[in-house]
There are 2 protein chains.
Amino acid sequence: MENTRRRGAALEADLLDAAWTELQAVGYARLTMEGVAARARTGKQVLYRRWANRAELVVAALRHRQGGSMADQVPDTGSLREDVLAVLRQMAERQRDIGQDVVHGVLAEIGEPRVEVFEIMREVMTTVLERAAARGEIPTADVPPRIMTLPTDLVRNEIVMRSEPLTEATLTEIVDEIFLPLVRRG
Amino acid sequence: MENTRRRGAALEADLLDAAWTELQAVGYARLTMEGVAARARTGKQVLYRRWANRAELVVAALRHRQGGSMADQVPDTGSLREDVLAVLRQMAERQRDIGQDVVHGVLAEIGEPRVEVFEIMREVMTTVLERAAARGEIPTADVPPRIMTLPTDLVRNEIVMRSEPLTEATLTEIVDEIFLPLVRRG
DNA sequence: CTCCCTAAGAGACGGAACGTCTCTCAAGGC
DNA sequence: GCCTTGAGAGACGTTCCGTCTCTTAGGGAG
């Protein structure tokens, strides 16, 4: 028998891992606090002591799973086109990892971390554009905000609305047919 | 005492009205089959005989509430810009009417009426562009599909992600800064 | 080293809503 | 006027919620 009792950060990491595993096993809709507690071999109270409800737990589990924010590693390939594509690929990858039902579930039950998502992508694109302007690829980094976040907005739309995973073709279409033409003639 | 027993279409309309009223009263998250049944002064079985679950009932109630599809009345103002703006205003209006939590709830619990939404908007935009081409406003109606649904995709993204209702400024920005420049130079 | 406070672990609990079922009796077709 | 259908009503077992209580292990304070 396991006779050691987990505590503090070690326990918390176990709980978040259990939540993530449960998420993969049964999906967001069927994820229950009881299920997570059972998987972590503990009681519900231990969960409720840390997170007020399912949504908070799941958000914490997602954050725990994928380390830092996307703003921490902005792609820098030396080409605007490749940088933007890299950003979009990162988003697509996260979608694949997380799964659509989780996205919808969190969207439905969460109050407001959506603004945060917007802000992060705007930061990332700002950096990408500033570098492109510094290289002389585009005349100025002073692109209208709506155009700046156009690629990430479109990808987000695909993630939320489409059931199939994003294809590379979709990403290049967004960049080559829509984004680049608009910024090139700023 | 009410001694008449409702039947068929009349009853169904009452049920859908009750579902809609309940939706407005308590929101999607708190809507229950029992609540709707009570409001319609009937039993749960009457609901389950027609719809398998909450999501189906709510979708039916939404459809019942707002008559036909948007494809039935495509705006025809004589100007491409105004037509597109009219389409986007219709979407914004529906958002205001329906409410964001309902959008998220349905998105989370529904299997696949999302493709349908895509198709309808693509039809609408096809008509709008064909008329514009016939008037000579644009060289050809043969616009790449992704550009065609660009305005509606962006508005949908705003509806799903932003909590505040869409402003007129946002709509004109989408049309004037993004959509028109892209279609004008075919 | 020992005491003691905090929180882990375990489960009982009342409540809400689910979806199924059973039963009676009105309505409307034949 | 008979008979099939399904409306109306509520009981039922189940699942999960979020709260609570109780015992006991861990680890810091002295």
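Everything here concerns the structure above.
The structure displayed is predicted, hence computed values, not measured ones.

Asks: Would you mind showing me how to read the packing of aromatic side chains here?
Replies: For any pair of aromatic rings, geometry is given as the distance between the ring centres together with the angle between the planes. Taken as a whole, this structure holds zero aromatic pairs over all chains when the rule is applied. Directly above the aromatic system of A:Phe118 lies the positively charged group of A:Arg156, at a separation of 4.6 Å from the ring centroid.

Asks: Looking at this model, I keep getting lost on the side chain of A:Gln95. Mind explaining?
Replies: Residue and element names in this part refer to chain A. In this fold, Gln95 is placed in helix 5 (residues 80-98). For Gln95, a relative accessible area of 8% gives the class buried. Filtering out sequence-adjacent residues up to four positions away, Gln95 remains in contact with Ile159, Glu164, Pro165 and Leu166.

Asks: Help me out: how do you make sense of the nonpolar core in this one?
Replies: Here is a general trend for soluble globular proteins: nonpolar side chains tend to be buried in one another's company. Ranked by size, the top nonpolar core spans 64 residues in total, and within it A:Leu80 and B:Leu80 carry the most contacts. Those residues in contact with B:Leu80, other than ones at most four positions away along the chain, are B:Val128, B:Leu129, B:Ala132, B:Arg135, B:Glu137, B:Ile138, B:Leu180 and B:Val183. With 36 residues, the next largest nonpolar core counts B:Leu23, B:Tyr28, B:Leu47 and B:Met161 among its residues.

Asks: Is there a simple way to explain the pattern of salt bridges in this structure?
Replies: When the charged atoms of two side chains lie near each other, side chains of opposite charge can form a pair. In total, this model carries 34 salt bridges over all chains according to the counting rule given. A salt bridge links B:Arg50 to B:Glu12; the shortest N-O distance between them is 3.1 Å. Of this pair, B:Arg50 sits in the loop between helix 3 (44-48) and helix 4 (54-65) while B:Glu12 sits in helix 1 (residues 8-26), placing them 38 residues apart in sequence. Its relative accessible area of 32% is what places B:Glu12 among the partly exposed residues. Salt bridges linked by common partners bring A:Arg146, B:Glu158, B:Arg162 and B:Glu173 together as one network.

Asks: For this particular structure, what's the right way to read the interface of chain B and chain A?
Replies: You'll often see interface size given as the accessible area lost when the parts meet. Chain B puts 29 residues into the contact, and the matching count from chain A is 29 residues. Summing both sides of the interface, chain B and chain A together bury roughly 2900 Å²; the carbon and sulfur share of this comes to 62%. The tally of links from chain B across to chain A stands at four salt bridges. Here B:Arg146 makes a salt bridge to A:Glu173, at a shortest N to O gap of 2.9 Å. The tally of links from chain B across to chain A stands at six residue pairs in polar contact (both at pLDDT 80 or more). Of all the elements, helix 9 (residues 150-161) of chain B adds the most residues to the side of chain B that touches chain A, at eight residues. Looking at the side of chain B that touches chain A residue by residue, the class counts come to 13 nonpolar, six polar and ten charged.

Asks: What's the story with the relation of the copies chain B and chain A in this structure? I'm lost.
Replies: Two copies of the chain are present, and they differ by a rotation about an axis and a shift along that axis. Laying chain B over chain A is done by rotating through 180° and shifting 0.0 Å along the axis; what remains is an RMSD of 0.1 Å. With respect to symmetry, the two chain copies, as superposed, fit the operation of a two-fold axis. Considering only C-alpha atoms, the residue of chain B closest to the rotation axis is B:Asn157, which sits at 2.7 Å. A high fraction, 100%, of the interface residues of chain B reappear at the interface in chain A, so the copies pair face to face through one surface.

Asks: Whenever I open this one, the protein's contact with DNA strand D confuses me. Can you help?
Replies: Close contacts around DNA strand D come from 20 residues, with A:Arg5, A:Lys44, A:Gln45, A:Tyr48 and B:Arg5 the closest. When atoms of DNA strand D within 4 Å of the protein are split into backbone and base, the sugar-phosphate part holds 61%. At a separation of 3.2 Å, a phosphate oxygen of DNA strand D approaches a polar backbone atom of A:Met33. B:Arg7 places a side-chain nitrogen or oxygen 3.2 Å from a base oxygen of DNA strand D. If you tally residues by element for the surface near DNA strand D, the top one is helix 3 (residues 44-48) of chain A, at three residues. Taken together, the residues of the surface near DNA strand D sort by class into four nonpolar, six polar and ten charged.

So, how was this worked out
- Residues numbered from 1 in each chain as written.
- Chains lettered and ligands numbered in written order.
- Predicted model: local features only at pLDDT ≥ 70, side-chain atom pairs only at ≥ 80, totals over all residues.
- Heavy atoms only, no water.
- Phe/Tyr/Trp six-rings, centres within 6.5 Å; stacked < 30°, edge-to-face > 60°.
- Lys NZ or Arg CZ within 6 Å of the ring centre and 35° of its normal.
- Helix = DSSP H or I, 4+ residues; strand = E, 2+ residues; numbered from the N terminus.
- Buried < 20%, exposed > 50% of the residue type's maximum accessible area, 1.4 Å probe, protein only.
- Contact = heavy atoms within 4.5 Å.
- Core = buried A, V, L, I, M, F, W, Y, C linked by side-chain atoms within 4.5 Å.
- Salt bridge = Lys/Arg side-chain N within 4 Å of Asp/Glu carboxyl O.
- Buried area = accessible area lost by both parts, 1.4 Å probe.
- Polar contact = N/O pair within 3.5 Å; in protein donor to acceptor, adjacent residues only side chain to side chain.
- Nonpolar A, V, L, I, M, F, W, Y, C, P; charged D, E, K, R; others polar.
- Least-squares fit on C-alpha atoms with pLDDT ≥ 70 in both.
- Near = heavy atom within 4 Å.

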